[in-house]
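Residues per chain, in single letters:
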Amino acid sequence: MTPAIVVFVLLLFIGTPVAVVMAMSGLAGGFAMGGERMLGIIADRMFSGVSGFLLIAVPYFIFTAELMNQGGLTHKLIAFNNALFGRVRGSLSHVNISVSVFFAGLTGAAVTDTVAIGKIMIPEMKKQGYDAEYAAAVTACSSIIGPIIPPSVVMVVYATLLRDISVIDLFAGGIIPGLIMALALLGVSFFLAWKRNYPKAAPTPFKAAIFAFLVALPAMVVPLIILGGILSGLTTITEASGFAAVYAIVIGVVFYRNLTWRKIWDSLVTTVRFSGVVFFLLATSAVLGWFVTRSGIARDAASMITTVSDAAFVQLMLVCLLLIVIGTVMDVLPALVVIAPVLVPAMIQLGFDPLHFAILMIVVLNISNVTPPVGMTLMTAARIAEVPYERAIVASLPFYVSFLVVIVLLAAFPALSTWIPSLL
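Numbering of residues starts from 1 in every chain and runs along the sequence as written. In keeping with the model being predicted, local features are shown solely for residues with a pLDDT of at least 70 and side-chain atom pairs are shown and tallied solely at 80 or more, while totals for entire chains, interfaces and linings include all residues. Values reported for side chains reflect all heavy atoms of the structure, with hydrogen atoms and water molecules removed beforehand.

Named according to an unreviewed UniProt entry, the chain is TRAP transporter large permease protein originating from Vreelandella arcis. UniProt positions are given in the numbering used here, feature names are shortened, and annotations may be inferred rather than shown by experiment. According to the UniProt record, the Sequence similarities (unreviewed entry) comment for the chain reads "Belongs to the TRAP transporter large permease family."

Here's what the structure looks like:
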């Protein structure tokens, strides 16, 4: 076990890509355990890590999200949500959050939401008198709802890594936590808008609001296609994701008429690039996961947790704190593929519900998207807003506190994550 840890820490410290770190540390660990005969297993492990039928859904979900972005969906959703919040103080802040909830049912990737929504909302918020750092903070913090409300690329990856939970249960389990996060953000947004006297928008006439709803309706049907088909049992994950991509092309070309062949090609290129990153991570994580299983690290981790406290809630809080610390130095997907094979078996061994812990882990790791110094969504939003990253960090603190409250609620009440899956 020691050679694997030494290689892992050394390569990570010198800035080696995480996928390479996982592959090399797994190789070192396997060689230390059984010599050259163990190395023959590595290729088989890498292939098995990316051979799951479920993974076909990943590029389809990414492709659907890119098609929606290229097809101008963001403008339609913003217009509809602006009609809902127009006469409320700080309306653009609330619109920013509510649009992210709708977008979460389309993209499943936080940074994608940040770019798509931020490029429109942040300049408009600055123009209407909102602080630039606040505009960046609210955009980044609301974007992390994307991988929690299904569909979610992160959940598909999780179900592939740890096959004790179906992706359908993960999708269903993420609905309530995602909505609770949105309500927490809206609560902070309303308070700050009142305290700082942010501007109101002009009320939207009823006919204009109806028109905005009808224009956005074809796009809002996409989550119903994906979730309705999956949760009802009419389609598999892969069938629903493929149909969603076809539907996105149809409404982009025929209904909205913003989707050109050039934009479709650009969406395909982005899909291939992002999918390549995901699949490389999965292949190398399978090597590290195999070593973790053989070495007994998960068993040792469970023993270490029990030595700190016997109280289940305290144990969960300690693990959440560890995940937050990991999230400060690693992005969501790399952190998930590195830590999940170790922590999940340990927590199951301690008696925790696998689905409850899975949702909690995904929520906590996604919050790392706004946790410095890595914080990819916050960093991206700060660049769009043209403000120093440090100022955006300070502006995000009230929202971050609301996320911590959500984590405590999800840890204390497992039913928030397990109730909807139990109905299925």
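Right, picking up where we left off after that structure.
Our focus in this paragraph is the side chain of Asn-96. With respect to the secondary-structure elements, Asn-96 resides in helix α6 (residues 91–104). Partly exposed residues are those whose accessible area sits between 20% and 50% of the maximum for their type, while under 20% is buried and over 50% is exposed, using a 1.4 Å probe and protein chains only. Accessibility expressed as a relative area gives 0% for Asn-96, which makes it buried. Contact criterion: two residues are considered in contact whenever any of their non-hydrogen atoms come within 4.5 Å of each other. Apart from residues no more than four positions distant in its own chain, Asn-96 is found in contact with Ile-117, Met-121, Met-125, Ala-135, Val-138, Thr-139 and Ser-142. Every helix listed is a DSSP run of H or I at least four residues long, and every strand listed is a run of E at least two residues long, numbered separately from the N terminus.

A word on a nonpolar patch on the surface. Patches here: salt-bridge-free residues with over 30% relative accessible area, like charges joined within 9 Å, nonpolar side chains (Val, Leu, Ile, Met, Phe, Trp, Tyr) joined within 5 Å. All accessibility values rest on the Shrake-Rupley procedure with a 1.4 Å probe; residue burial counts only the protein chains present in the view. By definition, a salt bridge exists where a carboxyl oxygen of Asp or Glu is found within 4 Å of a side-chain nitrogen of Lys or Arg. On the surface, Phe-206, Ile-210, Phe-213, Leu-214 and Leu-217 cluster together into a nonpolar patch covering about 470 Å² of accessible area. By the secondary structure assignment, Phe-213 is in helix α12 (residues 206–232).

Helix span is expected to be 1.5 Å times the residue number reduced by one. Taking 1.5 Å of rise per residue, the 16 residues of helix α16 (residues 312–327) would be expected to cover 22 Å, and the 22 Å separating its terminal C-alpha atoms lies within 8% of that figure. Of the residues making up α16, those classed as buried are Gln-315, Leu-316, Val-319, Cys-320, Leu-323, Ile-324, Ile-326 and Gly-327.

Here we take up empty space enclosed by the protein. The rule is simple: put a 1 Å grid over the protein atoms alone, call a set of points where a 1.4 Å probe fits but cannot get out a cavity, call an open set with protein on both sides within 12 Å along at least five of seven lines a pocket, and count a residue as lining if it has an atom within 4 Å of a point. Grid points are joined across faces, edges and corners, and a volume is the space filled by probe spheres set on the points. For the structure on display, the rule yields 1 cavity of 30 Å³ or more. Taken as a whole, the largest cavity holds about 40 Å³ of empty space. Lining the largest cavity, in full, are Leu-67, Met-68, Gly-71, Leu-73, Ala-248, Ile-251, Gly-252 and Tyr-256. Where the lining of the largest cavity is concerned, the elements lending two or more residues are α4 (57–70) and α13 (237–255). Looking at the lining of the largest cavity, the element that brings in the most residues is α13, giving 3 residues.

Another point: the packing of aromatic side chains. Working definition: an aromatic ring pair is given by the centre-to-centre distance plus the angle between the planes. Stacked, edge-to-face and tilted are the three classes for Phe, Tyr and Trp ring pairs, Trp counted by its six-membered ring, which pair at centre distances within 6.5 Å; planes under 30 degrees apart are stacked, over 60 edge-to-face, the rest tilted. Within this structure, the stated rule accounts for 6 aromatic pairs. Seen from their ring centres, Tyr-134 and Phe-399 are 5.9 Å apart, and the 40 degrees between their planes marks the pair as tilted. Taken together, the residues Tyr-134 in helix α8 (residues 132–143) and Phe-399 in helix α20 (residues 389–412) connect sequence positions 265 residues apart. Classification of Tyr-134 as buried rests on a relative accessible area of 1%. Relative to Tyr-256, the ring of Phe-255 has its centre 5.0 Å away and its plane inclined at 80 degrees; by these criteria the two rings are edge-to-face. Under the relative-accessibility criterion, Phe-255 is labelled partly exposed at 47%.

Oppositely charged side chains can form a pair if their charged atoms are brought close together. In this structure the tally under the stated criterion is 3 salt bridges. Glu-124 is the salt-bridge partner of Lys-127, the closest N and O atoms lying 3.6 Å from each other. Of the two residues, Lys-127 and Glu-124 are both situated in helix α7 (residues 110–127); the distance of 3 residues between them amounts to about one turn of the helix. Classification of Lys-127 by relative accessible area gives exposed; the value is 65%. Under the relative-accessibility criterion, Glu-124 is labelled partly exposed at 29%. For Glu-133, the salt bridge is made with Arg-391, and the minimal N-O distance between the two is 2.7 Å. Remark: Arg-391 occurs in helix α20 and Glu-133 occurs in helix α8; sequence separation between them is 258 residues.

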